[in-house]
Structure formats: C-alpha cells, structure tokens
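Each chain, written out:
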Amino acid sequence: MLDDADEIHPLFYGAPKSTEFKKLRKRLVQNVREAVEQYGMIEAGDTPQKWLVCLSGGKDSYTLLAILHELKWRGLLPVELLACNLDQGQPGFPATVLPEFLEKMQVSYRIEYQDTYSIVMDKVPQGRTYCALCSRLRRGNLYRIAREEGCNAVVLGHHRDDILETFFMNLFHGGRLATMPPKLVNEDGDLFVFRPLAHVAEEDCEKFARAMNYPIIPCDLCGSQDGLQRQQVKQILDGWEKNSPGRRQVMFRSLMNIRPSHMLDPKLFDFAGLTRTFDERNSNKN
C-alpha cells in the first residue's frame with residue numbers, strides 16, 4: 001500500500017509508518033474484503049449500488065468507514081458510499097465533530113437529527129436497559145434515510161466480537177442459537193443490512209482508530225448503564241481469551257462450521273426420516 005498523499009484516501013492521511021500499523025491495516029483490508037466477497041455483498045449486474053455507511057463516531061464505525069473507502073479507492077469496491085450519522089439528541093452530544101471530520105476527509109455524508117433519546121428515556125422503565133428500544137428507533141430512521149438517498153444497503157459497524165457476544169447472549173438468555181448475520185434483508189424486503197467487519201476483531205478496530213487519532217465520540221446512553229447482559233458476556237469471553245489466547249477466533253470459526261445433523265433442531269434436519277443403510281437380511285446370509 002502506498003503512503004503518498006495522492007495515492008491514498010484522505011482518511012489515511014497521517015497514518016503511522018510503523019511496520020506494526022501497516023500489518024494491521026493490511027489485515028483489516030483483507031478481513032473486510034473477505035467478508036464482502038464471502039457473503040455476496042456486491043450484487044451482480046450493472047445496476048449502480050449505493051451503501052449508507054452508519055457512523056456513530058465510535059472506533060468501530062470509523063474503522064468501517066476508512067476500510068470501505070480504502071477498498072473503493074483501490075478499485076475493489078464498486079459502490080457509492082454515503083456516510084450517515086443519526087444525532088439522537090443525547091445531551092452533550094458534540095454535534096460539530098463528525099461534520100467537520102467528514103468535510104476534512106472529503107467524505108460524502110448526511111447528518112440527521114431525530115430526538116429518539118427523549119422517547120427512550122420516557123418509555124423505558126427505570127432500571128431497565130435502553131438498548132433494545134434505542135436500537136429499534138435508530139434502525140427505523142436509518143432505513144428511512146437509506147430509501148430517501150436511493151441506497152440499496154444499510155452498512156453497520158458490528159465486528160467479530162459483537163457477533164460472538166450476541167451469540168452467547170442468545171444462548172444464555174434467549175434459549176436459541178442465533179447471532180447477527182453479516183448479510184440480511186430487512187422486514188420490508190427492500191434493503192440489505194451488511195456487516196463488513198464481521199471477521200474483524202474489536203481489538204484491531206481499537207488499535208486502528210487510536211493510531212489514526214480519529215475523534216472518538218462515546219455513547220453515554222448505553223455506556224451509562226451498569227450490569228448490561230452484553231457487558232457480562234464480554235467479561236466471560238475476556239476471561240476465556242486470557243486463559244486461552246485465540247479462543248475467540250476458534251469460537252467464531254465454529255459459527256461458520258455448523259452441522260445441523262449434530263444439533264437438535266428437527267426443522268433443520270430430518271431426524272424422523274433418517275434411515276439405516278445396513279441391511280440386516282444380507283448380514284444374516286453371511
């Protein structure tokens with residue numbers, strides 16, 4: 001990868017010259033490109049594609065934005081990218097940070113203000129978590145914006161660790177084996193939802209955003225609540241990873257290597273129709 005100013009996207013201006021960072025950058029590009037190709041995120045045909053890239057101002061969404069533009073800059077992602085931040089009306093939210101950053105980085109964007117914060121605070125009983133309602137309201141607005149902008153996909157910054165945590169939350173609390181897929185179609189059937197960071201470790205997002213000195217904006221709504229199920233699951237996974245380095249990646253690979261015949265769901269495998277191939281009559285002749 002070249003580092004001259006006219007050979008890279010502005011999002012990479014000032015990137016560290018260290019070998020460690022170059023390896024990180026290369027790994028991120030490879031991981032995202034692999035997910036895009038493996039899950040068929042680029043539709044076949046000549047119809048122009050446009051993605052609404054959701055930008056919260058956190059480390060994950062900055063990483064997503066930069067790597068997608070890197071791939072597009074290199075001619076490896078033939079889609080139009082539109083960054084979008086949904087300002088949800090949280091008190092103290094630094095509303096000027098993202099517009100100034102995106103202007104500086106020459107990134108096409110849309111900033112949308114919708115006070116979902118007040119709705120969440122009004123509707124969610126004290127002591128309950130905000131995430132479910134907050135996420136639902138945010139998603140509905142993003143779908144609307146995607147339609148208004150002529151996008152065929154909403155692109156989210158969930159990474160490998162988010163996917164693992166969701167799997168274990170469903171396992172521990174939901175009684176089902178499910179997680180966030182890298183690609184799905186919304187309920188109305190008119191938009192894709194993509195997660196190109198599906199193969200990317202959270203640690204790599206953190207290292208990248210910190211090294212690039214992107215202006216991180218914390219989420220004070222969800223982050224202000226203690227005892228969230230997701231935080232509990234994260235602590236469990238952190239403990240497993242500490243005791244056995246590489247455990248997260250092994251568990252993630254298992255989500256890509258599912259054997260329905262070795263599970264217990266009769267809707268996925270016809271256990272009732274399973275037959276033996278051993279012929280007892282022929283065996284008796286011997």
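Residues numbered from 1 in each chain as written. Predicted model: local features only at pLDDT ≥ 70, side-chain atom pairs only at ≥ 80, totals over all residues. Heavy atoms only, no water.

Visitor: Now, about the overall build of the protein: what can you tell me, with residues and values included?
Guide: Counting its regular elements, the protein contains 10 helices and 6 strands. On the principal axes, the C-alpha backbone points of the protein span a range of 85 × 50 × 45 Å. Among the 286 residues that make up the protein, the fraction classed as buried is 42%. Relative to all contacts within the protein whose residues are 6 or more apart in sequence, the contacts with residues 24 or more apart total 75%. Element-wise, carbon and sulfur atoms account for 50% of the exposed surface of the protein, whose accessible area totals about 16,500 Å². Averaging the locations of the 37 positively and 38 negatively charged side chains of the protein gives two centres separated by 6 Å. (Helix = DSSP H or I, 4+ residues; strand = E, 2+ residues; numbered from the N terminus. Buried < 20%, exposed > 50% of the residue type's maximum accessible area, 1.4 Å probe, protein only. Contact = heavy atoms within 4.5 Å. Areas by Shrake-Rupley, 256 points an atom, 1.4 Å probe, with all protein chains shown as cover. Lys, Arg positive; Asp, Glu negative; His and termini not counted. Charge placed at Lys NZ, Arg CZ, Asp CG, Glu CD.)

Visitor: With reference to specific residues and values, describe the side chain of S61.
Guide: Following the sequence through the fold, S61 ends up in helix α2 (residues 59–73). In this structure the side chain of S61 is engaged in a polar contact, spanning 3.2 Å, whose partner is the backbone nitrogen of G57. Once residues lying within four places of it in the same chain are set aside, the contact partners of S61 are C54, L55 and S56. (Polar contact = N/O pair within 3.5 Å; in protein donor to acceptor, adjacent residues only side chain to side chain.)

Visitor: Quick rundown of a nonpolar patch on the surface? Include the residues and the values.
Guide: Together, L171, F172, L177, I236, W240, I258 and M263 make up an exposed nonpolar region whose accessible area comes to about 630 Å². Counting residues per element, the ones that place at least two in the nonpolar patch are α6 (160–174) and α8 (229–243). Of note, L177 is situated in the loop between α6 and β5 (183–185). (Patch = residues over 30% accessible without salt bridge, like charges linked within 9 Å, V, L, I, M, F, W, Y side chains within 5 Å. Salt bridge = Lys/Arg side-chain N within 4 Å of Asp/Glu carboxyl O.)

Visitor: Could you give an account of the packing of aromatic side chains, naming the residues involved and the relevant values?
Guide: Taken as a whole and assessed by the stated rule, the structure comprises 12 aromatic pairs. Geometrically, the ring pair formed by F192 and F194 is stacked, given 5.4 Å between the ring centres and 20° between the ring planes. When its relative accessible area of 18% is taken as the criterion, F192 is described as buried. Among the residues examined, F194 registers a relative accessible area of 0% and is labelled buried. Each member of the aromatic cluster is reached from another via a ring pair, and the members are F12, F21, Y62, F101, F208 and Y214. The ring of F192 is capped by K183, whose NZ or CZ atom sits 4.8 Å from the centre of that ring. (Phe/Tyr/Trp six-rings, centres within 6.5 Å; stacked < 30°, edge-to-face > 60°. Lys NZ or Arg CZ within 6 Å of the ring centre and 35° of its normal.)

Visitor: How would you summarise the pattern of salt bridges if you had to cite specific residues and measurements?
Guide: Within this structure, the stated rule accounts for 24 salt bridges. Here E206 makes a salt bridge to R210, at a shortest N to O gap of 3.7 Å. Taken together, the residues E206 and R210, both in helix α7 (residues 202–212) and 4 residues apart, mark about one turn of the helix. You can call E206 partly exposed: its relative accessible area is 40%.

Visitor: I'd love a proper account of unusual backbone geometry, names of residues and values included.
Guide: Peptide bonds are mostly trans, and most non-glycine residues show a negative phi. Positive phi, close to 55°, is recorded for Q106, a residue that is not glycine. Residue position: Q106 is located in the loop between α3 (97–104) and β3 (109–113). Positioned with a positive phi, N213 is a non-glycine residue whose angle comes to about 60°. Relative to the assigned elements, N213 resides in the loop between α7 and α8.

Visitor: Describe the side chain of R110, listing the residues and the values that go with them.
Guide: Mapping R110 onto the fold places it in strand β3. What makes R110 buried here is its relative accessible area of 17%. Not counting the four nearest positions on each side in its chain, R110 is found in contact with L82, A83, C84, N85, R144, I145, E148 and E149.

Visitor: Residues and numbers for the pairing of strand β2 (residues 80–87), please.
Guide: Within β2, 7 of the 8 residues are buried, leaving the element largely enclosed by the surrounding structure. Here 5 bridges tie strand β1 (residues 50–54) to β2, and the two strands are oriented parallel to one another. Residue W51 lies in a different strand from β2, and its bridge partner there is L81. In this view, the connection linking β1 to its parallel neighbour β2 by way of α2 has right-handed handedness. As paired strands, β2 and β3 are joined by 5 bridges and run parallel to one another. Residue A83 lies in a different strand from β3, and its bridge partner there is Y109. The handedness of the β2 to β3 crossover, carried by α3, is right-handed. (Pairing = 2+ DSSP bridges. Right-handed = clockwise from strand over helix to strand, strands pointing away.)

Visitor: Residues and numbers for the confidence of the model for the protein, please.
Guide: Here the protein averages 90 in pLDDT, and 91% of its residues register 70 or above. Under a pLDDT of 50 for its full length, residues 223–227 has, in the predicted model, 4 contacts with residues more than four places off or in other chains. (pLDDT = per-residue confidence, 0-100.)

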